[in-house]
4 protein chains.
Amino acid sequence: MTDEVHEECGVFGVMTPESCDVARLTYYGLHSLQHRGQESCGIVVDSVDGTWSHKGMGLIGEVFTREVLDLAPKGRISVGHVRYGTTGGSNIINCQPLEIRHERGNFSIVHNGNLTNTCGMRKSLEKTGSILHTTSDTEVIAYAIIREALTADSMEDAVSRAMESIKGAYSLLIMTEDRIICVRDPHGFRPLIYGKMSDGTVVVASESCALTTVGAEPVRDLDPGEILTIGPDGIVSRREHCGTRPRRSCVFEYIYFARTDSVIDGVSVHAARIRSGIELARSSPVEADVVIGVPDAGTDAALGYSRESGIPFGIGLLKSRYVGRTFISPGQDERVRGVWLKLSVIKETVSGKRVVLVDDSIVRGTTMRRIVKLLREAGAKEIHIRISAPPFTNPCYYGTDVGSRKGLIACDYSIPEITRILDADSIGYLPLEKLSTLVGCDEYCSACFDAEYPLPIDGDMSADV
Amino acid sequence: MTDEVHEECGVFGVMTPESCDVARLTYYGLHSLQHRGQESCGIVVDSVDGTWSHKGMGLIGEVFTREVLDLAPKGRISVGHVRYGTTGGSNIINCQPLEIRHERGNFSIVHNGNLTNTCGMRKSLEKTGSILHTTSDTEVIAYAIIREALTADSMEDAVSRAMESIKGAYSLLIMTEDRIICVRDPHGFRPLIYGKMSDGTVVVASESCALTTVGAEPVRDLDPGEILTIGPDGIVSRREHCGTRPRRSCVFEYIYFARTDSVIDGVSVHAARIRSGIELARSSPVEADVVIGVPDAGTDAALGYSRESGIPFGIGLLKSRYVGRTFISPGQDERVRGVWLKLSVIKETVSGKRVVLVDDSIVRGTTMRRIVKLLREAGAKEIHIRISAPPFTNPCYYGTDVGSRKGLIACDYSIPEITRILDADSIGYLPLEKLSTLVGCDEYCSACFDAEYPLPIDGDMSADV
Amino acid sequence: MTDEVHEECGVFGVMTPESCDVARLTYYGLHSLQHRGQESCGIVVDSVDGTWSHKGMGLIGEVFTREVLDLAPKGRISVGHVRYGTTGGSNIINCQPLEIRHERGNFSIVHNGNLTNTCGMRKSLEKTGSILHTTSDTEVIAYAIIREALTADSMEDAVSRAMESIKGAYSLLIMTEDRIICVRDPHGFRPLIYGKMSDGTVVVASESCALTTVGAEPVRDLDPGEILTIGPDGIVSRREHCGTRPRRSCVFEYIYFARTDSVIDGVSVHAARIRSGIELARSSPVEADVVIGVPDAGTDAALGYSRESGIPFGIGLLKSRYVGRTFISPGQDERVRGVWLKLSVIKETVSGKRVVLVDDSIVRGTTMRRIVKLLREAGAKEIHIRISAPPFTNPCYYGTDVGSRKGLIACDYSIPEITRILDADSIGYLPLEKLSTLVGCDEYCSACFDAEYPLPIDGDMSADV
Amino acid sequence: MTDEVHEECGVFGVMTPESCDVARLTYYGLHSLQHRGQESCGIVVDSVDGTWSHKGMGLIGEVFTREVLDLAPKGRISVGHVRYGTTGGSNIINCQPLEIRHERGNFSIVHNGNLTNTCGMRKSLEKTGSILHTTSDTEVIAYAIIREALTADSMEDAVSRAMESIKGAYSLLIMTEDRIICVRDPHGFRPLIYGKMSDGTVVVASESCALTTVGAEPVRDLDPGEILTIGPDGIVSRREHCGTRPRRSCVFEYIYFARTDSVIDGVSVHAARIRSGIELARSSPVEADVVIGVPDAGTDAALGYSRESGIPFGIGLLKSRYVGRTFISPGQDERVRGVWLKLSVIKETVSGKRVVLVDDSIVRGTTMRRIVKLLREAGAKEIHIRISAPPFTNPCYYGTDVGSRKGLIACDYSIPEITRILDADSIGYLPLEKLSTLVGCDEYCSACFDAEYPLPIDGDMSADV
C-alpha cells in the first residue's frame, strides 16, 4: 500500500495550420505533464497516410525513443496521454489514446478523470450485445458516444448526448480526422486549458505548464460543461451543459497534483501553495529556528510559512534525482534494512535547531515518521510538523487514487495520537475553512477532507474502494 | 560540446565483520554517489565461492536490477564504482572495478581521479612486453602495482612503491581477498573518507553522504598520501607519502561536484555554498526584489545571497524530475525548435521583479542565455547574474571534465561582453581571493580559475585537451 | 512479395483431471505447431485465481521464456495459438487467444481459418452500436457468439446458432471457465483432432503431431460441422451442422503445410508426400543420375520419386539451421549481392550428374531460379524440376496466404516458358487428377489449383486479394 | 553435462582490392560457420577512420542486427569469429576477435583450436610483469607474438618466432592494418582454407563452405605449419614450420563437426560420411526393412549404409527447426516430464519394421536411449544402432569439447552392455582401422578413439579435464 496520493492522468492535444512534426510537439507537452501519470503513455497522429499511434508502459522518455519519434509521420492533429491508472489496472491494453474504428467515423480519445456510473453503463452495453475489451472507463465513454453517433448529426451532437448518460469527472480530448473535440465535465472536476501559438497553432492540455513548455500562450480554461471544437471552422464552443451543475474543481490540484508553474482556472499554483504556508503560519504558529519543506511539494508552503512567521527558511532535506524506478529492497540483512535513498538530511541546517517541517499531506504516515527519525538523528532539537492541507480522511472517486480509507492515519487517530506516532513535537494542519483562501473562491471539491461528495457514487465502486 | 562540468568518478568500499549482503550495501552507497558519474557502474564482491562482479553502462538503478542483486553472493568485502569517463572513452571495457588476476595475487581496483603521466607509463610498459587492454589510466595504475608486486613483500609495499611512479590525482580502493587498501594521492586532489557502523562494519567512500546513507558514522578523511588498510588486522595506516607534497584538494567539489549533504575534509558542502552566496552578496551587491537560484546547485548560494542582502529568497525556476535520459531533439520544425524541457520559469515569482539569479558556474554560456531569455519572457524587469565561483578559464587535468579551453565563455570575453551576450543587466563572480573563505583554508587547487597547476602536465595530455 | 505460401494459424487446447502445469503442456503443444505460424503466439490458462494470459510477437521460444512460464499458474484448462496473420495485419492487438469479458460469461477463443463474410458482418455489428477493436475476423466470430448468447440456453447453443451466420473456414477452440468447446466448420477446411492421455487428460490440436509431442494418443479428427465439448460431463458431441455441406478439407495441408509426422483425417502426411513422388515419377519420368529434394518439404516426394523410378536418392541441398530471423540484406556492394544463406549445394552429389530436383510448389519462381543457378554452378549436367502438386494458379480464401494472383508464375506463363525462365531442362507437375491418389478420397478443396471454390467469396475480399 | 561434442570455433577473414562493405561479407561468411560455435561472435573491420569492432553473446543473426551492420564502416580488411568456448568460460570478455593495441603495432586476432601449454606460458608471462585480462588462450598467443615483436623485424617474423613457444592446435588469423597473416599449426589439427573471387578479393576461412557462400572459389588448404600473408604484396607463403611435425588433422571434422558441403584437405565431407556408412554396412551388416539416420549428421551415413546394404533408405526422425534456444524444462508435473521437442518419429516409416538407426556418435547415451524409446513406441520391431565412428573414449585437448572421460558410455561399458542400456537389438561401431578409408590417408588425429595423442598434454590441463 502506497504512502502517496496519485493523479490518474494528463491529456494533451495540438492542431497546427500546416502539416508538421506534431508528434514531437505532443511528446514535449506530455513530458511536462509526466507528474500526472508515470505508468503508461501514448500519442496518436493523424497524417495523410492515416492514423499513426504509439503507446507503451513507462515514462515518456522511455516509451518514445529517438527511433519511435523519427518514425512518426508529419500531420496537423495529434493527441497524447500520460496515465497512472487505477480503474482498469496497469496493463498495455488500457493505455490511451483509445482508438476507435467505426463506420460512423474513426476517432481517438484520451481521458483524465473517473466515471462514477461505469458499472451500470457496462452492464447495459453488454446486455445489448456489445463486448468491452478494456477495463477502463474510457471505453465506456467511447461506447456512449458511438451509440449516440448512430443517430446524431455530428460528432459534437453525439458527444453532447453522451454527456447525459455518463456521470463523474472527465476532461476529454476526442480527435477525429479533422478536429479535436475538447470536453470538461459539468462539475469541472479536472482542469483543461487551451492556448495558441503566434502561427495559429492551437494547443489544449490538462495544465498550463504544458502550453508554456511548447511555446503557446494560454487563452483560457474550459468552462465546466463546455464542448470546445478545434477544427476547420476555427475554435467553436458549445455550452448547453455549462451551468447545469455547480462548479467543483479539485482543490488537491493546487495542494499537490499540479506543477508549481501552472495556473489553473486563473489561480497560480505556486502562489496558492505559498498562501497555504502563510495561512498555516497564522493558524499554527510556533517558536523555532528554521523552516524546511519536504521536497518537492512542501517547499513552496515552507517558504510561505517562513515569510509569514519570520523564521528563516532553510534547505534541510535533499531528494535524490536518481531514485526514480530504482529497485529498493532492504534485503534480509539488518545492515541494509534501514537504508533510505529517497531523502537525505542536510545536518548543517537542522543540527541543534528547533525545526518547522512543512509538507502537503500525510497519507499513511510511514514516510513522515521516517523523516522525523532522520531529523532527530541529525540533531534536530524540536520538530514541528505543519501540513498545508486539512487532514486527509476520505477516498476520492473523481480521478485520484489514495486507495481505501483503511490506513489513512487521520481516519484512525486523533492529532495528539498522530503527533506521538510520528514522534513530533507538534502537528498543525491547514484549517478546512482556509481552503477558500488558497483557491480564491468557494467552488471547489474538497470531499477528500470533508466527505461532501458533489456526485453520488455508484454502489459497486464505493464497495470496491 | 557540453555546457556542463563533469566529475569523473565515485568510489565505495565496505568490509563487514560477518558475511552478509555486501553487494546491496555497495549498491546503496553508489546510489548516493550517482551524481559523480552516470555513464557506467560496477560492483565486485568477494565471497567464499570466489569473486562475483557485475558492471554495465547506465545508472546504478538500471544496471543493478532486482535480478542482478538477487544473484550477488554474500560476502565480507565489496567495492564499487560510478563513472563519467573522459580519458578512456565511454565503453564497457573501461567500466570499473577493474579486476586483475595474477599469480602474485588477484585484486580489484576502483579509481577516482586522473593521472598526468599516463602516456609515458603506457609506452614504458609496452616496451617491456606488456599489453594494455583498456584505454583507462586505472589499468596503468594496476600495472604499476603488479610490476612492484613481483618483488615486494606485501600488496601495501607494492602500492607504496607504485606511488613513486604514478603522478596525478587518484583516490583508490584496492580490494584483495581479505582487505581493502585505500589510497589518496599526496596532493589529496580527490576526497576519500571512511566511517564505521556500530557492528564494526567499515565503509570508505568518495563522499560522506554515502556513509550516512548506509548508516555509517564518518570517522575521518584520509590524509593526502595516506595508505589505509581495512583488513584482518583492523585499520592500519601507512603514512610514508604523507606530507611529501602540498595538500591541494579540489575547490570545485565544494562549489559544484559534491552532494550538498556531504562534509569534505571537515567542511560542510552546504555551509560552504551558503558562504559563497554571502560573499557574493558582499562583493557584488545589487538592489533587487527577489533572489532565485538555478536548481539544483545554485539554490544554496542563492539562499546565502538572500540572507546577507536581505532580498527575499524565491523559487523562480523548476527543474524537471523526468528529463534524465530523455531524448530531446528540437527537430526540423520551427514550432519545436525552441522547446526546453529541463527548466521552467515560475512566472508568479519573477514577473515585474528585479531578479538576482544565482548559479555556480558559467561554462559555455548557452544554458545561462536560455535561462535569461525565459525570465525576460516571464516578465522579469531586471536580471542580475551572480556566480558563486570565479570565472572558469582553464581545463582541469585532475579528474574533472570541461573539455578544452576553446569555447569557455570567460576565456573569450570580458565581463561586460558576457553581460551583453547573456542579455543580463549585470554579472558578478565570486572574487578569486574569497575561495579561501569558502573552504576555510588555503590548501586547495583552483587551477581551473587561476591556472596554478600543482603538478606539471604530461605533454601529450595538454595537447589533447 | 514473398515467394512462399503461408498457413495462417495453429490451435491447441488441453483439459486435465487435476490442476497442474497446463501452460507448459500448451507451450509444448504449440511448439510442435510452430510451422503453422511464426509471427505471434499466446496462451490462456484458467486457474483458481482467475484467467492468466500471455501473448506476444515472435516464436514460442521467444515469447514464452522461462520467467514467463514460471509465472503461469496451475490450472485444469488452457488454450493456445500460433499465428502467421494476413487478415488483420501483424499487430499485438490481433494476437490470440482473444479474451472476451461479458456478463453472459467470459471466454477465450482461438481460430485457425478465414471467414469469407467478414465485411458484411462487421458492418452489421457496427450499425447496431458495437465497436470492433481488432481487425481480425476472430473478433467477428466472438461477437456472433455473444449476440446469440444473449438469448441462448448455453454456450454450445450460442455457438451453434452463430455458425448459421459465419461463413468460411474455421477450426475454433472456445475456452470457458469449465470447458473447451471445439468447432470445425461444416466444410472441414482446416484440420482439428483430439486425443487422450492415460490419466484422462484430453488434448485437442490442429495436427496430430502436437498430440504425440505431449504424449497423448490421437482419438479421432473432428467431423466437419461438429461441435465437441470437453468439459465436466466428459466429451460431448453435437452434430446438427454435420453433413450440411460437402467435406472439403485442404489438400495443401498434405502437400506442404502440415508436419510430415502428422496424420490428418486418417491419412499420414509423410505417406501422402511419398505417394505424390511416386505419381510424379509415373506421370513425368526422365532419365537421370540422382534425385534430390528441396528441403524440407521436397525431400519426402523426392524419396517417392526415387523409389518408383529407381534413380538413386541423394542429398544435394543443405538448408541452414540458423537462417531463421537473421537479417539478410545484400547491401549495395556487388560482392555481397549474390550471397544466399538459406540453401547450399553439396557439389559432390550433383557435379557431372543429370539431376531430378523435387519440390512441393513454385509460387513466384524466384527461389527455384536461384536453386537451378546454384546447381548449374556446382556442375549439374541436366536439371529436371518435378513439382509434387499441380500448378498453383489461384488465391486461397480459406486460411492460407499466397497474396494475389499477380506474380504467380503458373498464371503468367506456360510450362515451356517456365522451363526457360527457370533455366531448367524440363519441368513436370503432378496432374490435377492425381490429387485424389494423394489424399485417398475425393472430398478435398483444391481451389488453389482448379478455382473450384466450395464457398462463394465476399465481394470486398476478392477485390482486396 | 551435455550429451554432445562441441567444436570450439570458426574463423573468417577477407581482403578486398577496393574499400567496400567487408563487414557484411564477414557476416555472411560467419553465418555459414555458425555450426562451429553458437555462444558468441565478433567482427573487426579496418577502415580509414580506424578499427571498428562489434562482439556479443549469441548467434550471428542475434548479435549482428540490421542496425549494427548499417553502422559498420567500409574497409578493405575484416576478420570474424564464432565461438563455442570451453577454456576461458562463456563470457563477453572472452569474445573474439581479441584486439591488441600496442606501440609495436595494433592487431586483431581470431583463433580456432586449443593450446596445450597455456598454464606454463601464463605463469611465465605473469612472472615478468604482465597482466592477462582474459582466461582464453588466445590472449596467451597474442602475448607470445608481442614479446617477439619487440625485437622482430616484421609481424611475420614475430609470429614465426612465437610458434616456437606455443604448443597445441591453432588456426589463426592475425589482422594488422594492411594484411591478414594466416597460420595453421605444424600438426594441422584444425582446418584452414583460402580462396579467391573473380575481382581479386581473397577470403580465408575454417571451412570451404564459407568461401562458397560468399562466392569465392577455393584455392587450397593451408599446409600444416604454413604462415600465409594476404597483403599489399599479394599472397606470400612462409614455410619454415612446415614439415617440422607429422600432419595430424582431426578426423572428427569429417565425422561430425564440419558442414556436409565443405571440402577439407581435398576430401568432401559429404562423401566421407557416405563412405563411413558404406564401411559400416560391410563391417556390421544386419537384416532389416529400413535404414534411417538421426538428423542432421546421421543422414549421410545412413544413405551410405542403405546403398551398400540394399536396405531402403527412409525418413524416420524429424528434427524441429524451432527448438534452437527454446527454454525446455520438463517442470514438476509428470504430464510434462516426458515431453521432447527436439526429435519426432515418423510412425509411417518405422511401424512394424526392422530399423537400422544410424548416428555419428554416442557420447553419454541419454539422447540415443530416448530415440530408441520413441521408435519402440512408434512400433519398430527391431532397432539396430550403427555408429559411423569408433567408440568415443578419450577427451580431446585440441579444440573440441566433450567434457571429461567420466560419463562417456563407451568408457564405462562393453558393447553388449551398451546395447542393453540403450534397449537396442544390436549396436555396430565403425572399426578404428576403417577411419583411413574415410579420410583417404593415414595422417589424422584420432586420439578421441585411440588415445594416441600427437602432442603431450600440459599437466594441469589433463587434471582439469
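Residues numbered from 1 in each chain as written. Chains lettered and ligands numbered in written order. Predicted model: local features only at pLDDT ≥ 70, side-chain atom pairs only at ≥ 80, totals over all residues. Heavy atoms only, no water.

**Student:** I'd like a rundown of the overall build of chain A, residues and numbers included.
**Tutor:** Looking only at helices and strands, chain A features 18 helices and 25 strands. In terms of overall dimensions, chain A is globule-like: its C-alpha atoms have a radius of gyration of 23 Å, near the 23 Å expected for 465 residues. Burial statistics for chain A: of 465 residues in total, 63% are counted as buried. The contacts in chain A between residues at least 6 apart in sequence include a share of 68% that link residues at least 24 apart. Summed over its atoms, the accessible surface of chain A is roughly 16,100 Å², and 48% of this surface lies on carbon and sulfur atoms. Looking at chain A, you have 50 positive and 62 negative side-chain charges, and the mean spots of the two groups are 4 Å apart. (Helix = DSSP H or I, 4+ residues; strand = E, 2+ residues; numbered from the N terminus. Rg over C-alpha atoms; globule rule 2.2 N^0.38 Å. Buried < 20%, exposed > 50% of the residue type's maximum accessible area, 1.4 Å probe, protein only. Contact = heavy atoms within 4.5 Å. Areas by Shrake-Rupley, 256 points an atom, 1.4 Å probe, with all protein chains shown as cover. Lys, Arg positive; Asp, Glu negative; His and termini not counted. Charge placed at Lys NZ, Arg CZ, Asp CG, Glu CD.)

**Student:** Give me the relation of the copies chain D and chain B: which residues, what numbers.
**Tutor:** Mapping chain D onto chain B calls for a rotation angle of 180° and an axial translation of 0.0 Å; the resulting RMSD is 0.0 Å. With respect to symmetry, the two chain copies, as superposed, fit the operation of a two-fold axis. Among all residues of chain D, the minimum C-alpha distance to the rotation axis is found for D:S130, at 2.7 Å. Mapped onto chain B, 100% of the interface residues of chain D are again interface residues, and the two copies thus contact each other with one and the same surface. (Least-squares fit on C-alpha atoms with pLDDT ≥ 70 in both.)

**Student:** Give me the packing of aromatic side chains: which residues, what numbers.
**Tutor:** Both the distance between ring centres and the angle between the ring planes are used here to describe each pair of aromatic rings. Enumeration according to the criterion identifies 42 aromatic pairs over all chains in this entry. Look at C:F392 and C:F449: their rings are 6.1 Å apart centre to centre, the planes differ by 90°, and that puts the pair in the edge-to-face class. You can see C:F392 sitting in the loop between strand 22 (382-387) and strand 23 (400-401) and its partner C:F449 sitting in helix 17 (residues 447-450), a full 57 residues away along the chain. Of the two residues, C:F392 and C:F449, neither departs from the other in class, the shared state being buried. An aromatic cluster of three or more residues is present, and its members are A:F252, A:Y256, A:F257, A:F392 and A:F449. (Phe/Tyr/Trp six-rings, centres within 6.5 Å; stacked < 30°, edge-to-face > 60°.)

**Student:** Summarise the interface of chain B and chain A; cite the residues concerned and give the values.
**Tutor:** Between chain B and chain A, the contact holds 62 residues from the first and 62 residues from the second. The interface formed by chain B and chain A includes two salt bridges. Joining chain B to chain A, the criterion identifies eleven residue pairs in polar contact (both at pLDDT 80 or more). Per-element accounting of the side of chain B that touches chain A gives the leading share, five residues, to helix 1 (residues 22-31) of chain B. (Salt bridge = Lys/Arg side-chain N within 4 Å of Asp/Glu carboxyl O. Polar contact = N/O pair within 3.5 Å; in protein donor to acceptor, adjacent residues only side chain to side chain.)

**Student:** Which residues make up the environment of C:V355, and what values go with them?
**Tutor:** All names here are of chain C. Inspection of the secondary structure puts V355 in strand 21 (residues 354-359). Accessibility expressed as a relative area gives 0% for V355, which makes it buried. The spacing of V355 and S268 is 87 residues in sequence and 28 Å in space, taken between C-alpha atoms.

**Student:** Before we move on, can you summarise the arrangement of the chains with the specific residues and values?
**Tutor:** When C-alpha atoms are compared, chain B and chain C, though not in contact, are closest at a spacing of 11 Å. Chain A makes no contact with chain D; the smallest distance between any of their C-alpha atoms is 11 Å.

**Student:** Mind laying out the pairing of strand 4 (residues 50-57) of chain B, listing which residues take part and the relevant values?
**Tutor:** Residue and element names in this part refer to chain B. Here strand 3 (residues 40-47) runs beside strand 4; their pairing, made up of eight bridges, is antiparallel. When the bridges of strand 4 are listed, V44 appears paired with S53. The turn linking strand 3 back onto strand 4 is made up of two residues. (Pairing = 2+ DSSP bridges.)

**Student:** Would you mind going over the relation of the copies chain B and chain A in detail, with residue names and values included?
**Tutor:** The operation relating chain B to chain A is a screw motion whose rotation component is 180°, with 0.0 Å of axial translation and a residual RMSD of 0.0 Å. A high fraction, 100%, of the interface residues of chain B reappear at the interface in chain A, so the copies pair face to face through one surface.

**Student:** Requested: an account of the interface of chain D and chain B, with residues and values cited.
**Tutor:** Between chain D and chain B, the contact holds 21 residues from the first and 21 residues from the second. Note on chain D versus chain B: buried area summed over both sides is about 1,900 Å², and carbon and sulfur give 54% of it. When the buried area of chain D at its contact with chain B is split by residue, D:R101, D:I131 and D:H133 rank highest and sum to 35% of it. At the boundary of chain D with chain B, the tally comes to zero salt bridges. Across the contact surface, chain D and chain B share 15 residue pairs in polar contact (both at pLDDT 80 or more). Every element with two or more residues in the side of chain D that touches chain B is listed here: strand 6 (98-100), helix 4 (118-127) and helix 5 (137-149) of chain D. Ranked by residue count, the leading element in the side of chain D that touches chain B is helix 5 of chain D, at five residues. (Buried area = accessible area lost by both parts, 1.4 Å probe.)

**Student:** So what about the environment of D:S124? Which residues, and what values?
**Tutor:** Residues and elements named next belong to chain D. Along the polypeptide, S124 turns up in helix 4. A relative accessible area of 44% means that S124 is categorised as partly exposed. Separated by eleven residues in the primary sequence, S124 and T135 have C-alpha atoms spaced 15 Å apart.

**Student:** Can you break down the domain arrangement of chain A residue by residue, with the values?
**Tutor:** Interface size is often expressed as the accessible area that is lost when the parts come together. Residues and elements named next belong to chain A. Entries for chain A in the domain assignment read domain 1 (9-247) and domain 2 (267-450). Taking only C-alpha atoms into account, the centre of domain 1 sits 34 Å from that of domain 2. The interface is formed by 13 residues belonging to domain 1 together with ten residues belonging to domain 2. For the pair domain 1 and domain 2, the two sides together bury roughly 890 Å², of which 54% comes from carbon and sulfur. (Domains from an automatic or database assignment.)

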